[in-house]
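Fold and contact review
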Amino acid sequence: MSAIDWVIVALYAGILVWIGVAASRRQSDTDEYFRGSRQIPWWAIGFSIIATSFSGAALLGGAAQGYGTGLIYLQTQIGDLIGIVLVIIFFLPFFIGLNLTTAYEYLERRFDNKTRALGSICFLLFVIARLGGLLYAAALAVSEVISIPVWAAIILVGVVSIVYTAAGGIAAVIWTDVLQFFMIFVGLGAGLWAVANGVPGGIGELWSTAAEAGRYTVIVPTWNPSDLFTLPTVLIAYSMLAFAVAGTNQQSVQRYVSCSDVASGRKAMLLGWAAGLIGVAATLIFGTFLYSFYTINPGLPESVTGDRILPYFIVNNVPAGAAGLLTAAIFSAAMSSIDSALHAISTCFTVDFYERYTRQEITQEKSLKVAQGLIVVCGIVGIGAAFYAASTEENLLPFLIKYVTLSLGPLLGLFLMGVLVPRINATGAFFGAVAAILILTIAIASQTLPLPAFWGSAMTAPLSVAIGYVISLATGVPAERSIKGLTLWSKEPAID
């Protein structure tokens, strides 16, 4: 990269750290640190919701998806919308109305402390495993673009994320997410400018080349449960996965509970989906134009495939300045997911375990220091996990999909049992989720899973509810205090 590119990247990293330091000056208690005292504007939370899921792997993978298949991935946004609407209808009023800090506090109020611990552990297993993958994927891209070793890129991305997240709490995470989301679009704009100026005829030529290759198909109505990119699979399997991620993942829930009221939470979620639709579409179009670019200008090495296509384009075909903006966009996409993971892990450990089980006197100051220390510790663990990933040749994606299946599917089942089925008691909920986890673990280990792993949430959530209901029938009726105001059918809800 040129000197101007380095200046752009360094300036961007400096702004992130400055936001964290500025936000830290307002930190006086854990409510400010975990939820921003519920004073953060809903529109900022909305952009943060999508920035959290728009990881470096998503940016590189989206461009690679557009290069390989065009716009077909865009139909998954229908599944995302279904999942978000389900969260708005079933979960959002409880998360915000009950004044929760973590989603798993609801599980204790509705069931008991062991069910809350199970829910929190399911989330922690998922996000800790994902953190190493996020750091490693980001480091691969950063190392290739700015020509530094992978180990140095892991440390660079990890340390910057740890510093501003630990310093500023959720306010720093959300406001940096807003900056990062817009930085992604600036970078994509620079990339589109570069690719359009690299061919005679510009955008028109890129568009017609892709059209001739049939790259603008969006909807595939064919029923094929083994193919994620078919509409029926999106409507069933992917929408349930989106429901689980948006409704039970503390990284998402932490945004909702930072809203001042339910109406603001709805607006934030819908804005997040709309911004995500635009972001995914822009990334896919960019990848589709990269296909046209290298069709018109042959020369892409056969060894450069998948996630390596965008870094190769930046290094070899993007002029100074634009390369810095695209590199900053990759940084943005990477850190917007990493900071969210770190803060969510810290919140769950602090609220669901430290404050719940410690025998020491709990003060706001102690909890705040514990939360900040946990971010540093978890960040170091994530860096170590990324180093481990870098030392192996194992494909991380199948592993991470299995982890999502094992943890978020039964976790969604727990929340559905709580909100939708008043007859289910604490014993049924706990052992129903545990049974679903064990059955799925055995099916994966024995390779007898009847459908691909992305069907996991659609299979395990109903399974855990059914088992939980049967166990509850044999173990007694839930107490009235565990139902009133805590289920969708409560006659006298205890929420606003």
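The structure under discussion appears in the preceding block.
Residues numbered from 1 in each chain as written. Predicted model: local features only at pLDDT ≥ 70, side-chain atom pairs only at ≥ 80, totals over all residues. Heavy atoms only, no water.

Between its first and last C-alpha atoms helix α11 (residues 231-248) spans 24 Å; for 18 residues at 1.5 Å apiece the expected length is 26 Å, and the two agree. Of all the bends in α11, the largest measures some 35° and sits at Y238. (Helix = DSSP H or I, 4+ residues; strand = E, 2+ residues; numbered from the N terminus. Expected span 1.5 Å × (residues − 1). Bend = angle between axes of the 7 residues up to and from the residue.)

Considering all chains together, one arrives at 21 aromatic pairs under this definition. A ring pair is formed by F286 and F313, whose centres lie 6.1 Å apart and whose planes are at 70°; its orientation type is edge-to-face. Remark: F313 occurs in helix α14 (residues 309-317) and F286 occurs in helix α13 (residues 262-296); sequence separation between them is 27 residues. A single burial state applies to F286 and to F313, both of which are buried. (Phe/Tyr/Trp six-rings, centres within 6.5 Å; stacked < 30°, edge-to-face > 60°. Buried < 20%, exposed > 50% of the residue type's maximum accessible area, 1.4 Å probe, protein only.)

Enumeration over the complete set of coordinates arrives at four salt bridges. One salt bridge connects K114 with D112, and the closest N-O pair in it is separated by 2.5 Å. Two residues, D352 and R116, come together in a salt bridge whose shortest N-O distance is 2.8 Å. With D352 in helix α15 (residues 322-357) and R116 in helix α8 (residues 113-146), the pair connects residues that are 236 residues apart, well separated along the chain. Under the relative-accessibility criterion, D352 is labelled buried at 2%. (Salt bridge = Lys/Arg side-chain N within 4 Å of Asp/Glu carboxyl O.)

Looking now at the packing of helix α5 (residues 76-90) against α11. In contact at an axis separation of 7 Å, α5 and α11 are set at 45° when each is read in the N-to-C sense. Regarding the angle of α5 to α11, the classification is oblique. Where α5 crosses over α11, the handedness of that crossing is right-handed. Side by side, α5 and α11 meet where T76, I78, G79, D80, I82, G83, L86, V87 and F90 of the first sit next to L231, V234, L235, Y238, S239, A242, F243, A246 and G247 of the second. Residue classes in the contact of α5 with α11 are distributed as twelve nonpolar, five polar and one charged. (Axes fitted to C-alpha atoms, helices over the stretch in contact; angles between N-to-C directions. Parallel < 35°, antiparallel > 145°, perpendicular 65-115°, else oblique. Left-handed = near helix turned anticlockwise from the far one by under 90°. Contact = heavy atoms within 4.5 Å. Nonpolar A, V, L, I, M, F, W, Y, C, P; charged D, E, K, R; others polar.)

If you trace the backbone, Y136 turns up in helix α8. Looking at Y136, the relative accessible area reads 16%, which means it is buried. Separated by 252 residues in the primary sequence, Y136 and Y388 have C-alpha atoms spaced 9.0 Å apart.

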